[in-house]
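One-letter residues, chain by chain:
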Amino acid sequence: IRFTLLFNHYCLLILAKAGQFFSSGHTNNWAVLVCTSRFWFNYRHVANTLSVYRSVKRLGIPDSHIVLMLADDMACNHRNPKPATVFSHKNMELNVYGDDVEVDYRGYEVTVENFLRVLTGRLPPSTPRSKRLLSDDHSNILIYLTGTSRWNGFLKFQDSEEISNVELADAFEQMWTKRRYNELLFIIDTCQGASMYERFYSPNLMALASSQVGEDSLSHQPDLAIGVHLMDRYTFYLLEFLEDIHPASTANMNDLFKVCPKSQCVSTPGHRTDLFLRDPGNVLITDFFGSVRKVEITMETINLTAPMVPVSELKTESQSYVDQLPVAEIIHQKPKQRDWHPPDGFILGLWTLILLVFFKTYGAKHLKHIF
Amino acid sequence: MAAPLTLLLIVAVTIRAVLFRSSLAELIPERVEVVSPLNAWKRVVEGLALLDLGVSPYAGDVFHETPLIIYFFHFVIDYAEIVFMVMGCVFLLQFRKQKYALEAERYPLDCLELIRTPKEMYYIPLKVAMFYLLNPFTILSCVAKSTCGLNNAVIALFILCTVKGSSLMSAIFLALATYQSIYPLTLFAPALLYLLQRLYIPVNWQRSSFWLFTTQYTFMYLGSLCVMVCLSFFLLSSWDFLSSVYGFILSVPDLTPNIGLFWYFFAEMFEHFRLFFICVFQINVFFYTIPLSIKLKEHPIFLIFMQIAIISIFKSYPTVGDIALYMAFLPAWNHLYRFLRNIFLVSVVLLACSALFPVLWHLWIYAGSANSNFYYAITLLFNVAQILLVSDYFYAYLRREHHLTHGLYLKRKDGSEATLVLK
């Protein structure tokens, strides 16, 4: 009996693990990574976004499922002493720009309107696929925003417009109504970031912010060679945390909430999980940051016994391979046939008129020479 | 007379043949000064190719030639170079008829030197032919196979028929020229005046013979125009060509730079004012007809020259071929040489601008170190020089007429020498 109990317990454990394995209900992962500020001194925001991009790509989400929006080009900025690079650690330890960055929205294309259109899917029909968030109701989406906001409740885009927390909440509600996500993780690294997720009201949203209302999110370290601050603290420690994650790791959201405590970040990171249906302890990091494919191992065998058709019909024509191509027609070109001919009525009318005029001017005496 | 003409013909054909075979033949049809969207050869080829594929050539913005051109080139497209050379030679025919000025002996004696001697007149056709065939502008236009040569030939035939006095043929050729591009409409007035003069019908509003002839000529002209337009309808069974050809000429949608004045203005204009300015610019071409006809009603041939010059300067898509047309007539007014005041300035400016056109084009488009303002400045200067040339000849002509009636050496009432001032 003890043995069976042990066995049952063991089975239950496996089942529980299996249950956990299949419980999240998502089949694909998307990421929308947005940097909203431009100008050289906001280098760190671009570096933030690119480091999250790098982690997300490393953990398996392909470029086709990432919408990367960068409001300014730091790698090719004329003030960058090391062109084509964006560093996240000082002394140029880590270049997050890499060789295969695909930026989908760049420069002035990063606007509040475009961001909301990407989220809600209401883009003009001519928008290419790389600029669309083609998620469905089994998608887990990671949304990362970084930028500046001087006051409570909004995020500045490009120094000229802002997105408010109400707009963002409404956009997420539209996404929920249109079944555009299964679960959504929203991370924001900006001053008073927690104000941005205060207004959410749609289900299955989890939000993290780098600072509470009334606090400033601070930057981490300047690099003296480049001359600007390279990263913000929260994202810096987030990056360090994510560097330890690999696709098979079982770290869950509670570990993510512990990233960057007040001692390191100076601001207090906040999070919000009340709208999320599952327990955060059960949510794997790779549910959002990676693209873990569910692999089902089966022990069945399948018999591939359909007969193969032998290649018996060979070309028996005397034409050689080259002649079969249309190239042959071009090489041995006959003079072009004119396919269009003017209508007969036209020709008749025109020449009758010409003849009439001729005889009118030169007199009808020529007629008898012709007939 | 036949021998020098033949020699000239041979020389001209040789030059054109040599250029056709050289590498310049690929370069010249690309130049915007020589071809315009209305008469570019590659558009003709494109239109005919579209027709072979079963699509109307007027679909899209490629082809802006009239249907009769389609018919004409349908058969001769493989021999295009020869056709264009022949067109140039047709022009020669024009001046077989010599135009003697209708001068009577009632002029004062000291004007003898002003009257042209028959000996001079004898050589004018040769000079005109030389001016046309050996003009670099014409040669460029021919090598580029621009249908401007065809337009010029039709206008030349029209002038020939007018001068010969056959009103039917003149009406028909004028209708053909108008059908090709709308602007030769303004040549209606001088043709009418010349024919009236030839038939000794005075231009008097009260005389019935004047009205009779005018209505006759108008009907012939309008009738042939209608016949041509209807015939073109039957070629392709559609009226598309009206908006593609005449709509294109009048509303100037294509703003590729050329040597005219339209492109720069309309490139910068706000949409709100575009219609107004199109009307202003187009009226500018037709506007000078009436005042000039009133002033020059006894001299219709000169009026034809003035009109052609005005058309060439102010039309919506001018090319150097149009300029060659009126420059060919300059030898006919050799006798005005002594009264021309700006000949040095005009010739230098024209030469300099012709040389600067390709330079500034290169700087603007290829080197990127200039911009459209540079090219526009040269266009402006070129057109100003042309206007100066035309107005200079006008002044000279009027002055000669004045001298013919009042004597060459003008004296005031008290006997001292007077000078003539154009007011």
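Note that the coordinates shown come from a computational prediction; the quantities given were computed from them, not determined experimentally. (Residues numbered from 1 in each chain as written. Chains lettered and ligands numbered in written order. Predicted model: local features only at pLDDT ≥ 70, side-chain atom pairs only at ≥ 80, totals over all residues. Heavy atoms only, no water.)

Bringing the overall build of chain B into the picture now. What chain B contains, in helices and strands, is 19 helices and zero strands. By sequence separation, contacts in chain B at least 24 residues apart represent 74% of the contacts at least 6 residues apart. As displayed, chain B has an accessible area near 19900 Å², and 69% of this comes from carbon and sulfur atoms. (Helix = DSSP H or I, 4+ residues; strand = E, 2+ residues; numbered from the N terminus. Contact = heavy atoms within 4.5 Å. Areas by Shrake-Rupley, 256 points an atom, 1.4 Å probe, with all protein chains shown as cover.)

Attention now goes to the overall build of chain A. In terms of helices and strands, chain A carries 12 helices and nine strands. By the burial criterion, 47% of the 371 residues in chain A qualify as buried. Contacts spanning at least 24 positions in sequence make up 72% of the contacts within chain A whose residues lie at least 6 apart. Summed over its atoms, the accessible surface of chain A is roughly 21000 Å², and 59% of this surface lies on carbon and sulfur atoms. (Buried < 20%, exposed > 50% of the residue type's maximum accessible area, 1.4 Å probe, protein only.)

A few words now on the interface of chain B and chain A. Opposite the 19 residues of chain B that make contact, chain A presents 15 residues. A combined buried area of about 1500 Å² lies between chain B and chain A, and 74% of that area is made up of carbon and sulfur atoms. The three residues of chain B that bury the most area against chain A are D52, Y71 and H74 of chain B, which together make up 37% of that side's buried surface. The interface formed by chain B and chain A contains zero salt bridges. Inspection of the region where chain B meets chain A yields one residue pair in polar contact (both at pLDDT 80 or more). The residue inventory of the side of chain B that touches chain A, partitioned by class, reads 14 nonpolar, three polar and two charged. (Buried area = accessible area lost by both parts, 1.4 Å probe. Salt bridge = Lys/Arg side-chain N within 4 Å of Asp/Glu carboxyl O. Polar contact = N/O pair within 3.5 Å; in protein donor to acceptor, adjacent residues only side chain to side chain. Nonpolar A, V, L, I, M, F, W, Y, C, P; charged D, E, K, R; others polar.)

On the surface, L7, V11, M130 and L134 of chain B cluster together into a nonpolar patch covering about 320 Å² of accessible area. Examined against the element boundaries, L134 of chain B turns out to sit in the loop between helix 6 (118-133) and helix 7 (136-143). (Patch = residues over 30% accessible without salt bridge, like charges linked within 9 Å, V, L, I, M, F, W, Y side chains within 5 Å.)

Moving on, we get to the side chain of S139 of chain A. All names here are of chain A. Inspection of the secondary structure puts S139 in strand 4 (residues 139-146). Its relative accessible area of 0% is what places S139 among the buried residues. Not counting residues up to four positions away in its chain, the partners in contact with S139 are H26, N28, W30, R180, Y181, N182 and E183.

A separate point is the packing of helix 10 (residues 188-198) of chain B against helix 16 (residues 300-314) of chain B. All names here are of chain B. Close contact between helix 10 and helix 16 brings their axes to 9 Å; oriented N to C, the two are set at 170 degrees. On the basis of the axis angle, helix 10 is roughly antiparallel to helix 16. Contact residues: helix 10 offers P190, L193, Y194 and Q197, while helix 16 offers P300, I301, L303, I304 and Q307. Of the residues belonging to the contact of helix 10 with helix 16, the class tally is seven nonpolar, two polar and no charged. (Axes fitted to C-alpha atoms, helices over the stretch in contact; angles between N-to-C directions. Parallel < 35°, antiparallel > 145°, perpendicular 65-115°, else oblique.)

This paragraph deals with the packing of aromatic side chains. All names here are of chain B. This model, assessed by the stated rule, comprises 48 aromatic pairs over all chains. Ring geometry for F248 versus Y317: centroids 5.2 Å apart, planes at 10 degrees, classification stacked. With a gap of 69 residues between them, F248 in helix 12 (residues 240-251) and Y317 in the loop between helix 16 and helix 17 (320-327) connect regions that are remote in the sequence. Taken as a pair, F248 and Y317 share a single burial class, namely buried. Pairwise contacts between aromatic rings join F262, W263, Y264, F265, F266, F281, F357, W361, W364, Y375, Y376 and F382 into one cluster. (Phe/Tyr/Trp six-rings, centres within 6.5 Å; stacked < 30°, edge-to-face > 60°.)

Now for the pattern of salt bridges. The tally for this structure, following the rule as stated, stands at 15 salt bridges over all chains. With a closest N to O distance of 3.5 Å, R400 of chain B and E401 of chain B form a salt bridge. Using a relative accessible area of 3% as the deciding quantity, one classes R400 of chain B as buried. Salt bridges sharing common partners tie together K57, D63 and D100 of chain A.

Before going further, it helps to examine the state of the cysteines. Here, disulfide denotes a covalent bond that connects the sulfur atoms of two cysteines. Residue and element names in this part refer to chain A. Counted according to the given criterion, the structure contains one disulfide over all chains. At a sulfur-sulfur separation of 1.4 Å, the disulfide partner of C260 is C265. Disulfide C260-C265: the torsion about the S-S bond is 95 degrees, which places it as right-handed. Each member of the pair C260 and C265 is classed as buried. (Disulfide = S-S within 2.5 Å.)

On to the side chain of S244 of chain B. Residue and element names in this part refer to chain B. Note on placement: S244 falls in helix 12. Overall, S244 belongs to the buried group, its relative accessible area being 9%. Contact partners of S244, with chain neighbours within four places excluded, come to Y58, F63 and H64.

For the rest of this paragraph, the subject is the sheet that holds strand 3 (residues 105-106) of chain A. One key point about sheets: their strands pair by backbone hydrogen bonds, in either a parallel or an antiparallel sense. Residues and elements named next belong to chain A. Taken together, seven strands build an open sheet; the order of strands is 3-2-1-4-7-8-9 and the sheet is mixed. The sheet is open, and its two edges are formed by strand 3 and strand 9 (270-272), each paired on a single side. Pairing of strand 8 (residues 205-209) with strand 9, which is carried by three bridges, proceeds in the antiparallel orientation. Directly across from A207, in strand 9, lies its bridge partner R272. Sitting on the sheet, helix 4 (residues 165-177) touches strand 4, strand 7 (183-189) and strand 8, and the angle it makes with strand 7 is about 160 degrees. (Pairing = 2+ DSSP bridges.)

Turning next to the confidence of the model for chain B. All names here are of chain B. Taken as a whole, chain B shows an average pLDDT of 83; of its residues, 86% reach a score of 70 or greater. Below pLDDT 50 for its whole length, residues 98-110 participates in 23 contacts with residues either more than four positions away or in separate chains. For this predicted complex, the interface confidence comes out at an ipTM of 0.71, alongside a pTM of 0.58. (pLDDT = per-residue confidence, 0-100.)

Buried together is how nonpolar side chains tend to be arranged in soluble globular proteins. One finds F73, Y217 and W333 of chain B to be the most contacted residues of the largest nonpolar core, which totals 139 residues. Those residues in contact with Y217 of chain B, other than ones at most four positions away along the chain, are F158, S167, S170, A171, L174, F188, A191, L192 and L195 of chain B. By size, the runner-up hydrophobic cluster in this structure holds 55 residues, among which are V101, Y234, F288 and F289 of chain A. (Core = buried A, V, L, I, M, F, W, Y, C linked by side-chain atoms within 4.5 Å.)

We now examine the UniProt feature "transmembrane region" (unreviewed entry) in chain B. All names here are of chain B. Per the UniProt annotation, the sites labelled "transmembrane region" (unreviewed entry) are residues 68-93, 182-201, 221-239, 245-266, 273-294, 339-361 and 373-395. Secondary structure over residues 273-294 splits into 95% helix and 0% strand, and the C-alpha atoms at its two ends are 33 Å apart. Across residues 339-361, helical content stands at 83% and strand content at 0%; the span's end C-alpha atoms are separated by 36 Å. (UniProt positions renumbered as here; feature names shortened; annotations may be inferred.)

Look at N204 of chain A: it is not a glycine, yet its phi comes out positive at around 60 degrees. Tracing the backbone through its elements, the reader meets N204 of chain A in the loop between strand 7 and strand 8. Taking the relative accessible area as the measure of exposure, N204 of chain A reaches 6% and is therefore buried. We note that K145 of chain B has phi near 55 degrees; this positive angle belongs to a residue other than glycine. With respect to the helices and strands, K145 of chain B occurs in the loop between helix 7 and helix 8 (148-164).

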